[in-house]
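# Working through the structure, step by step
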Amino acid sequence: MKVVLPDNSELELPDGATGRDAAAAIGPKLAEQAVLVRSNGHVQDLRLPLEDGQKIQILTTRDKDDPDALYVLRHSTAHLLAEAVRRLYPGVKIAIGPPIENGFYYDFEFPEPISEGDLEGIEAELQKEISEGREWNREEISREEARRRFEAEDEPYKVELVDTADGDISLYTQGDFTDLCRGPHLQNSKPIKAFKLTGLAGAYWRGDEHNKQLTRIYGTAFYDQADLDEYMERLEQARERDHRRLGTQLDLFHLSDHSPGSPFWHPKGMVIWNELEDLRRRENGRRGYLEVKTPLLYDVDTYVTSGHYDNYAENMFFVEQHEDEKRLALKPMNCPGHMLLFGSQLRSYRQLPMRFAEASTLHRDEPSGTLHGLLRVKHITQDDAHIFCSPDQIEDEIFACLDYASYLYDLFGMEARFELSTRPEKKLGTDEEWDFTESALRNALDRRGIDYLVHDGDGAFYGPKIDLHMTDVLGRSWQMGTIQLDSQMPARFGLTYMGTDNQEHTPYVIHRALLGSLERFIGILVEHYGGAGRG
Ligand SMILES: [Zn+2]
Ligand SMILES: [Zn+2]
């Protein structure tokens with residue numbers, strides 16, 4: 001059989017040859033340094049057979065910054081961590097240990113709680129394994145046999161994982177430690193040149209708070225000591241810039257258990273807040289937005305019409321009422337109010353586009369485990385607007401939103417990234433409608449000369465969207481605003497305008513927030529400037 005290499009040359013191999021065999025056929029050095037096969041964007045273990053005609057790329061220890069190469073290195077280090085912990089803490093139960101962005105973790109149920117101080121001892125044991133050297137062996141076995149093995153080892157979490165796994169069961173063994181795992185893994189532990197255990201946290205088994213709380217050990221690993229040093233330096237900078245720390249130091253805001261996830265803004269914090277409000281108001285005025293103010297509380301019927309009741313109720317706060325009164329809930333978004341406002345009068349094509357802007361308080365009941373300073377709150381204030389327009393106005397309005405967003409990010413020295421999400425499988429509306437709306441968004445992006453990523457199928461069921469991300473000075477990426485086209489909500493509210501043909505038409509609406517939430521934006525600003533407060 002033949003496989004195709006990245007330079008499009010073909011490599012002749014015996015049938016059933018593996019990635020490792022392919023590497024060896026090219027050269028002994030490559031065979032030694034190989035860590036992974038990548039094929040059409042998917043990663044494949046070196047031990048698995050290749051197919052005739054398969055396009056392959058062999059990643060090696062020299063691809064030290066490649067995310068897939070780092071992924072396999074870190075996943076392998078997680079297995080070494082589990083081996084070390086099992087040796088040091090007899091009776092410990094192991095759960096799961098995946099690689100994550102910037103590192104890996106492993107969840108354990110310890111017989112006695114451990115503390116940060118214990119990480120050093122675990123690191124030493126892990127270092128010992130690396131010094132001794134470990135090789136990974138892969139085997140595929142039946143579900144019954146896997147179950148028997150993990151029952152014999154008294155590993156109830158692994159037994160549960162075997163019972164709920166889809167497809168074939170594979171195991172990886174290094175030293176005397178065997179883990180249930182799909183892989184891929186390194187050939188051996190030699191490429192792990194630098195690692196560090198970075199912290200401890202509590203984590204519920206399978207992320208469910210009704211389950212037992214396990215201990216999560218976080219770590220990271222690199223192909224090169226200098227890369228780990230640089231990473232630790234960046235972590236330290238991030239810690240120093242943490243907006244929760246700086247928020248207290250600079251006396252900007254505080255958070256309290258008396259109102260979880262809702263910041264108390266101090267006078268100095270309000271100076272920043274009001275600057276943003278002024279900026280928003282001034283630019284909105286310049287760009288033809290109309291400032292409006294809509295209520296915080298609505299009856300349940302409104303949320304049934306908007307779709308929030310069916311799709312978002314678990315994140316909403318319902319308000320206790322006297323028996324004879326209608327049930328009310330706090331708005332989690334401004335859209336329902338703006339729909340009602342638009343529908344309160346007869347509208348004509350002459351009034352379109354109509355751009356309602358409102359930065360009012362929204363409430364979203366985020367699970368307390370996900371709250372994070374100003375970055376994830378229950379009480380949020382978006383620089384929100386809804387633009388009602390006719391189909392032929394969509395492209396220009398999207399263009400104007402992109403222009404506005406670029407203006408704002410430039411102002412703060414932030415580098416923006418734009419991502420377009422297109423029709424999902426489950427969608428409302430016809431393919432012709434989607435062709436039309438997607439091309440309006442694409443045209444607007446192209447006209448502004450913006451390079452953008454496309455996520456096929458990631459749009460909302462009611463329309464395509466453009467998400468705005470930015471990268472801060474530490475190279476971290478944040479989602480900021482979003483520009484979302486919607487043909488459904490205006491129809492659900494029965495909104496119409498009189499067209500030039502004297503007929504009633506349903507307007508489109510563009511939901512857009514550019515800074516995102518003011519709370520989150522200030523949190524990001526504080527970290528971006530490291531509290532330096534550049535004018
Ligand atoms: Zn694994
Ligand atoms: Zn909206």
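What counts and how
- One numbering rule holds for all chains: residues counted from 1, following each sequence as written.
- To label them, take the chains in the order written and letter them from A, then take the ligands in the order written and number them from 1.
- It should be noted that, the model being predicted, local features are given only for residues of pLDDT at least 70 and side-chain atom pairs only at 80 or more, the latter also being counted only at that level, while totals for whole chains, interfaces and linings use all residues.
- Numbered from the N terminus, helices here are DSSP runs of H or I no shorter than four residues, and strands are runs of E no shorter than two.
- Helix span, expected: 1.5 Å multiplied by one less than the number of residues in the helix.
- Note that contacts rest on C-beta atoms placed from the backbone: two residues are in contact if these are within 7 Å.
- By definition, two strands form a pair when at least two bridges between them are found by DSSP.
- Whether a residue is buried, exposed or partly exposed follows from its count of other C-beta atoms within 10 Å of its own C-beta, namely 20 or more, 12 or fewer, or something in between, respectively; the C-beta atoms are built from the backbone.
- A fitted line through C-alpha atoms represents every axis, and for helices the fit uses only the stretch in contact; the resulting angles, taken between N-to-C directions, go from 0 to 180 degrees.
- Roughly parallel covers angles under 35 degrees, roughly antiparallel covers those over 145, roughly perpendicular covers 65 to 115, and oblique covers all other angles.
- Throughout, a crossing is termed right-handed when the near helix is turned clockwise from the far one, and left-handed when it is turned anticlockwise from it by less than a right angle.
- By the convention adopted, Pro, Cys, Tyr, Trp, Phe, Met, Ile, Leu, Val and Ala count as nonpolar, Lys, Arg, Asp and Glu as charged, and the other residues, Gly among them, as polar.
- To count as a nonpolar core, a set of buried Ala, Val, Leu, Ile, Met, Phe, Trp, Tyr and Cys residues must be joined through C-beta atoms within 7 Å.

## Notes on helix H14 (residues 431-447)
The terminal C-alpha atoms of H14, which comprises 17 residues, lie 24 Å apart, in line with the 24 Å expected from a rise of 1.5 Å per residue. Against helix H13 (394-411), strand S23 (415-421), strand S25 (465-471) and strand S26 (477-486) lie the buried residues of H14. Phi for Gly449, located one or two positions after H14, is positive at around 70°.

## Some words on the sheet that holds strand S18 (residues 318-319)
Spatial ordering of the open sheet is given by S17-S19-S18, a layout of 3 strands whose pairing is antiparallel. The sheet terminates laterally at strand S17 (297-299) and S18, the two strands that pair on one side only. The pairing of S17 with strand S19 (residues 328-330) spans 3 bridges and is classified as antiparallel. From the neighbouring strand, Leu297 faces S19, where its bridge partner is Leu330.

## Comments concerning helix H16 (residues 518-528)
Among the 11 residues of H16, 11 are classified as buried, and the element is accordingly described as predominantly covered. Every buried residue belonging to H16 is among Leu518, Glu519, Arg520, Phe521, Ile522, Gly523, Ile524, Leu525, Val526, Glu527 and His528, and all of these are buried. Buried positions along H16 lie against helix H7 (225-241), helix H8 (243-249), helix H9 (267-286), strand S22 (379-389), S26 and strand S29 (508-517). Downstream of H16 by a residue or two, Gly530 has a phi angle that is positive, lying close to 60°.

## A word on the packing of H13 against H14
Direction vectors running N to C along H13 and H14 enclose 45°, while the axes themselves pass 8 Å from each other. Considering their axes alone, H13 and H14 lie oblique with respect to each other. In the packing of H13 onto H14, the handedness of the crossing is right-handed. Here Ile394, Glu395, Ile398, Phe399 and Leu402 of H13 lie close against H14, whose contacting residues are Thr437, Ala440, Leu441, Asn443, Ala444, Leu445 and Arg447. Across the contact of H13 with H14, the residue classes tally to 8 nonpolar, 2 polar and 2 charged.

## Comments concerning the environment of Asp52
By secondary structure assignment, the location of Asp52 is in the loop between strand S4 (42-44) and strand S5 (57-60). Overall, Asp52 belongs to the exposed group, with 9 C-beta atoms counted inside 10 Å.

## Here's the deal with the nonpolar core
With 51 residues, the main nonpolar core has Ile398, Cys401, Ala405 and Ile510 as its most contacted residues. When residues in this core are grouped by element, the largest group, 9 residues, is from H13. Beyond its immediate stretch of four places on either side in the chain, Cys401 contacts Ile483, Ile510 and Arg512. Core analysis: the next-biggest nonpolar cluster, separate from the first, contains 47 residues, Ala23, Ala84, Ile217 and Ala221 among them.

## Considering the sheet that holds strand S3 (residues 34-39)
The strand order S4-S3-S5 describes an open sheet built from 3 strands, whose pairing is antiparallel. The open sheet terminates on both sides in strands that have one partner only, identified here as S4 and S5. Between one strand and the next, the sheet's axes are offset by a mean angle of 35°, whatever the strand orientation. Both S3 and S5 contribute to a ladder of 4 bridges, which runs antiparallel.

None of this, on its own, says anything about what the molecule does.
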